[in-house]
Amino acid sequence: MTEPLAIAFVWHMHQPYYKSSRAGTFDMPWVRLHALKDYLDMVELLSHYPALHQTFNLVPSLVEQLGDYAGGHFSDLYWDMTLKPAEELDPSERAFVVDLMCERSWHPRAQRYPRYLELARRKESCSEGVDACAAAFSHADIRDLQVWFTLAWFDPEYLRSGALAELVERGRDYTEDDKTYLAAAQADILAKVLPAYRDAEARGQVELSTSPYFHPILPLLINTDVARVARGDIALPPRRFAHPEDAREQVRRAIDSHADVFGSRPRGMWCSEQSVGEDVIGLLAENGIEWTISDESILGRSLGVDITRNDQGHVQVPDLLYRPYRLEREGRRLDIIFRDHTLSDLLGFTYQSWAPRDAAANLVWRLREARKNLANTRGPHLVTIALDGENAWEYYQEDGREFLALLYESLAADPGFRCVTVSEFLAEIPPPRELPWLHSGSWINADFSTWIGDPAHSRAWEHLHRARDV
């Protein structure tokens, strides 16, 4: 190939729905805390490299929760426990703070800050239970813990200057006013997240795709019997769960809410856990979805071949994997791309233990090798790297910022690459190859065994059955 190699980064932004349907309270803080660390930072960093285009997949249940936080009308259990004056916490609330706001001592968030590490080690050294441990913490200890639980989650870039940097430098002996400031700093970031994605899409650098609203495993929602396509011996629940109307509603609600929040209907849909199959094609196509995405293992099962690699991890028949495919069924069409599992997992699990410069150089080298290996094949070719966009950075140095900056600089400077959104690539070069059959499975082992096939899951499906019947 003589043209630049197209690369599609697809970042999947998702958190479960943490808001209690009964009380309306956020029972867990992870949407809020990942917003401080990942959601805004990822799209802000990309803005420094305008030639690089990427796709962000925003799950509607996450977007809804981000909207609640941005509007300021919410109740968050952990937020409340950090803001309540340390002297006014009752024994059970003190135990909550010590038990659930002390990071593990080996975690980078504790290792990075001496006072937080000190408090974490004190908790771990307690042998008389959390209540006794909490009673041994002074009011000043509790207050410092309330601050550090949130402060340690901020992206390092936000901690380099201003009042947040002063809090980090001081390290301890925080005041109630410090906690109030920290709440305001959070609110400021939370209000910026969704507008930042809207702006990035408006300037053409980012495509926003969606997922079924509450992140269900779509093929299983349509019919649990589909699990036998991947594993003929799997133990299915006694009663089949089959509600394609619910799957249709999840897709419809996702598209409608995406349009309401971002101003246009999404072209792409990342089915939860990249779970696809024949039953999904028509459902997406009839709702105007133009493309979806799954794992290379699904492609291999669909074609009846193994996607093999050499001893360096390079795909041995790259022309099979590095291209989009057409799915034409009953007069409708859906395009599909398949991620490079190895490259995606390198970012998600391996490079976090490498020096950032070495990790970025290794990925660029792998992409150059892919381009060489495609030299004698006809395009269009697209290397897809797709993974969770928030969880990946937990153990990287500086939350992955240095690695991503080095990677983006290298890709932007190399004329042999062009980073594209999925839709702009498909619009330029529609897939010439059709895929006559799409295997039913997920990006985990190309099957559904994570969610079905054992006694515990069978009981869970039965409970879901009963709830659905009611």
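What counts and how
- Residues numbered from 1 in each chain as written.
- Predicted model: local features only at pLDDT ≥ 70, side-chain atom pairs only at ≥ 80, totals over all residues.
- Heavy atoms only, no water.
- Disulfide = S-S within 2.5 Å.
- Pairing = 2+ DSSP bridges.
- Helix = DSSP H or I, 4+ residues; strand = E, 2+ residues; numbered from the N terminus.
- Contact = heavy atoms within 4.5 Å.
- Axes fitted to C-alpha atoms, helices over the stretch in contact; angles between N-to-C directions.
- Buried < 20%, exposed > 50% of the residue type's maximum accessible area, 1.4 Å probe, protein only.
- Polar contact = N/O pair within 3.5 Å; in protein donor to acceptor, adjacent residues only side chain to side chain.
- Salt bridge = Lys/Arg side-chain N within 4 Å of Asp/Glu carboxyl O.
- Phe/Tyr/Trp six-rings, centres within 6.5 Å; stacked < 30°, edge-to-face > 60°.

### Some thoughts on the state of the cysteines
1) Next: Tallying each qualifying case throughout the model produces one disulfide.
2) Next: A disulfide bridge connects C126 with C133, and the sulfur atoms are separated by 2.4 Å. The sign of the S-S torsion, about 60 degrees, decides the handedness of the disulfide formed by C126 and C133: right-handed.
3) Next: C133 supplies the cysteine sulfur nearest to C102, a cysteine that is in no disulfide, at a spacing of 7.2 Å.

### Here's the deal with the sheet that holds strand β6 (residues 268–269)
1) Next: Spatially, β6-β7-β9-β8 is the arrangement adopted by the four strands of the open sheet, whose pairing is mixed. Two strands bound the open sheet, and with one partner strand each, they are β6 and β8 (325–329).
2) Next: Set on the sheet, helix α14 (residues 278–286) makes contact with β6, β7 (291–295), β8 and β9 (332–339); between it and β9 the angle comes to about 120 degrees.

### Side note on the environment of P50
1) Next: Relative to the helices and strands, P50 is located in the loop between α1 (30–46) and β3 (54–58).
2) Next: Since its relative accessible area comes to 58%, P50 is described here as exposed.
3) Next: The spatial distance from the C-alpha of P50 to the C-alpha of Q205 is 6.6 Å, given a sequence separation of 155 residues.

### Observations regarding the environment of R160
1) Next: Here R160 shows up in the loop between α8 (139–151) and α9 (162–170).
2) Next: Relative accessible area serves as the criterion here: at 48%, R160 is assigned to the partly exposed category.
3) Next: Taking the C-alpha atoms as reference points, R160 and S47, 113 residues apart in sequence, are found 19 Å from one another.
4) Next: When residues no more than four places from it in sequence are discounted, the contact partners of R160 are A165 and E398.
5) Next: Among the polar contacts listed, one links the side chain of R160 to the side chain of E157, at a separation of 2.9 Å.
6) Next: At a separation of 2.7 Å, a polar atom in the side chain of R160 contacts the side chain of E398.

### Some details on the pattern of salt bridges
1) Next: Using the criterion set out here, one finds 49 salt bridges in the structure.
2) Next: As a salt-bridge pair, R329 and E278 come within 2.9 Å of each other at their nearest N and O atoms. Here R329, found in strand β8, pairs with E278, found in helix α14; they are 51 residues apart in sequence, far enough to count as distant.
3) Next: Of the residues examined, R329 reaches a relative accessible area of 17% and is grouped as buried.
4) Next: Among the salt bridges present, the one from E462 reaches R466, with a minimum N-O distance of 3.4 Å. With a gap of four residues between them, E462 and R466 both fall in helix α21 (residues 455–469), about one helical turn apart.
5) Next: Counted as one network, the salt bridges with shared partners bring together K37, D38, E103, R104, R109, E394 and D399.

### Regarding the packing of aromatic side chains
1) Next: Throughout the structure, instances matching the rule amount to 24 aromatic pairs.
2) Next: Each ring, one from F56 and one from Y197, has its centre 5.3 Å from the other, and the planes form 75 degrees; the classification is edge-to-face. Taken as a pair, F56 in strand β3 and Y197 in helix α10 (residues 176–202) lie far apart in primary sequence, 141 residues in all. Exposure class is identical for F56 and Y197. Each is buried.

Function cannot be read off these values alone, since they describe shape.
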